[in-house]
Each structure stands twice: as structure tokens, then as C-alpha cells.
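A look at the structure
Residues per chain are reported as follows:
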Amino acid sequence: MRAGRDHRLIRLATVFLAAGFLAAAPADSPVNVPEPAGLHEGVQQGYTPKTLSGAVVVDIAGLDALMAKAPVLIDVALADRKPANFPADRPWLPAHRSVPGAVWMPNAGAAPLAAEREALFLKRVAALTGGDKGKPIVTFCHPDCWGSWNAGKRLVQQGYTAVHWFPDGIEGWQDKHDTAVIRQDAEWAADPAAGERSSAR
């Protein structure tokens, strides 16, 4: 009789202990981040949603399959900033490695983004797609990057119908393929603000 009572008490204590752990868990798990109504205006680096409404989320297998359609690849990864203690008598020549053939527009996924910068981003995408809003486009940067999510969202909002978001980014590509050194898009780089790090990072 006593053994049965002790067993019930142990089971009850286990239930309360489990409930306590659940109550202490965060309300929003990193694997269940909700999509914001519009663009994400917080820091660019952080857990992102698993979805992007109006776009297709692709993994490396999906991207490999999509490459046969010659998509426009848009890399919005931030440019490296010259270290403050970098010797003044040495040239600063950082190399940005990315998916071969990608068009690099650093920080184009920032939000908010100055109106003229957003207009330039949309102008460049229109040129790269030949004005075809049904041409496949892939936005990416690094893993856990809101910038690539925002870039895809901007294009969906502009009526592009074949937007693909590759959340695994450059590192996800590099797991299976070689990367290539690419330069900033010439028109994007011509603007003095090009490639600047977002103050919200």
C-alpha cells in the first residue's frame, strides 16, 4: 500500500517538474519564428522564419535543381569593414566569396533602407531579369540572415512571382560546391553608401 502511494507521489512530482520546465521555455522557439507582417527592421543577424510568404524556400538540393533555369542570384551579405587598427600603409583588399555568378549588393536587405537605395535595388533587379517578373530569382546571404529574407520580401511586394529564398546562404552552398570571389555590383558600388554595415546589425 505504501509502495503504491510512493509511486503515485513520484509520478505527481515528475508531472509538476515537467510542467515547470515547459513554463520556463521561451514562448517563441528559435525553430518557430513567425513571419513579420512587413519587413524585419531589427538586427540582420538572428533566427529567421522557415517561410517567406509569396516565395519558395529552397535548400541546397532545391537550388541545385533551380540552377538549370539560370536564376538571378542576389547576394546581399554585408561587406567586411576595414578594421580600425589596420595599417595605413597597406592596401585593404578584402575578398568576398559567394555562389559563382551571383550579383552582390551588400546590405540591400537592410530595413529600413533609404528610398534611393531601395529604388536602385529594384532598378538593378529589373535590369537583371530583363523586366520579366516571372524569371526565377534567388536571394541569400549567410545563415540566420534577415537581410536575404527582407530582399526576397521586397521583391514579392513588387510583384515578382518566382522569388526563391535560400536561407542556408553562402555556407550552405560551400558545403557542396566551390565558391568564387565576386565583386560588388558596379552600379550598387558606385553609390557612396554601398556596402556599409547596417547600424542595426
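Just above sits the structure.
Computed from a predicted model, the values in this text were never measured in an experiment.

A word on the nonpolar core. Ranked by size, the top nonpolar core spans 39 residues in total, and within it I74, M105, F121, V125, F140, L155 and F166 carry the most contacts. Sorting the residues of this core by element identifies α2 (60–66), β2 (72–75), β4 (103–104), α3 (115–128), β5 (137–140), α4 (146–157), β6 (163–165) and α5 (169–174) as the ones contributing at least two each. For L155, the residues in contact, after removing those within four places along its chain, are I74, F121, L122, V125, I137, T139, Y160 and V163.

Spanning 12 residues, α4 covers 16 Å between terminal C-alpha atoms, matching the ideal 16 Å at 1.5 Å per step. Within α4, 10 of the 12 residues are buried, leaving the element largely enclosed by the surrounding structure. Listed as buried for α4 are W146, G147, S148, W149, N150, A151, G152, K153, R154 and L155. Buried residues belonging to α4 abut β2, α3, β5 and β6. In the segment just after α4, G159 is the residue with positive phi, at about 95 degrees.

Let us now look at the sheet that holds β6. Within a sheet, adjacent strands bond to each other through the backbone by hydrogen bonds, running parallel or antiparallel. Taking strand neighbours across the sheet as the criterion, the five strands line up as β1-β6-β5-β2-β4 in an open arrangement whose pairing is parallel. At either margin of the open sheet sits one strand with a lone partner, and together these are β1 (56–57) and β4. Here three bridges tie β5 to β6, and the two strands are oriented parallel to one another. The residue of β6 that forms the bridge with I137 is V163. Across the face of the sheet, α4 comes into contact with β2, β5 and β6 while running at roughly 150 degrees to β5.

Another point: the state of the cysteines. Under the counting rule described, the total for this entry stands at one disulfide. Disulfide partner of C141: C145, at an S-S distance of 1.8 Å. Measuring handedness by torsion sign, the sulfur bridge of C141 and C145 sits at about -130 degrees and is left-handed. The same class applies to C141 as to C145, namely buried.

Attention now goes to the packing of aromatic side chains. Taken as a whole and judged by the stated rule, the model has one aromatic pair. Sitting over the face of the ring of W188, R117 holds its NZ or CZ atom 3.6 Å from the ring centroid. When the ring centre of Y160 is taken as origin, the NZ or CZ atom of K133, which lies over that ring, is 5.3 Å away.

Glancing now at the pairing of β5. Burial along β5 is two-sided: the face carrying I137 and T139 and the face carrying V138 and F140 are both buried. Pairing of β2 with β5, which is carried by four bridges, proceeds in the parallel orientation. Residue pairing in the sheet places V72 in a bridge with I137 of β5. The β-α-β motif built from β5, the intervening α4 and the parallel element β6 has right-handed crossover chirality.

For the rest of this paragraph, the subject is the pattern of salt bridges. Overall, the coordinates contain five salt bridges when judged by the stated rule. Its salt-bridge partner being E187, residue K123 comes within 3.7 Å of it at the nearest N-O pair. Taken as a pair, K123 in helix α3 and E187 in helix α6 (residues 186–190) lie far apart in primary sequence, 64 residues in all. Through salt bridges with shared partners, a single network forms among K123, R124, D185 and E187.

The subject of this paragraph is a negative patch on the surface. On the surface, a cluster of negative charge is made up of D59, D168, E171 and D175. Tracing the chain through its elements places D175 in the loop between α5 and β7 (180–182).

Definitions and cut-offs
- Residues numbered from 1 in each chain as written.
- Predicted model: local features only at pLDDT ≥ 70, side-chain atom pairs only at ≥ 80, totals over all residues.
- Heavy atoms only, no water.
- Core = buried A, V, L, I, M, F, W, Y, C linked by side-chain atoms within 4.5 Å.
- Buried < 20%, exposed > 50% of the residue type's maximum accessible area, 1.4 Å probe, protein only.
- Helix = DSSP H or I, 4+ residues; strand = E, 2+ residues; numbered from the N terminus.
- Contact = heavy atoms within 4.5 Å.
- Expected span 1.5 Å × (residues − 1).
- Pairing = 2+ DSSP bridges.
- Axes fitted to C-alpha atoms, helices over the stretch in contact; angles between N-to-C directions.
- Disulfide = S-S within 2.5 Å.
- Phe/Tyr/Trp six-rings, centres within 6.5 Å; stacked < 30°, edge-to-face > 60°.
- Lys NZ or Arg CZ within 6 Å of the ring centre and 35° of its normal.
- Right-handed = clockwise from strand over helix to strand, strands pointing away.
- Salt bridge = Lys/Arg side-chain N within 4 Å of Asp/Glu carboxyl O.
- Patch = residues over 30% accessible without salt bridge, like charges linked within 9 Å, V, L, I, M, F, W, Y side chains within 5 Å.
- Areas by Shrake-Rupley, 256 points an atom, 1.4 Å probe, with all protein chains shown as cover.
- Lys, Arg positive; Asp, Glu negative; His and termini not counted.
- Charge placed at Lys NZ, Arg CZ, Asp CG, Glu CD.

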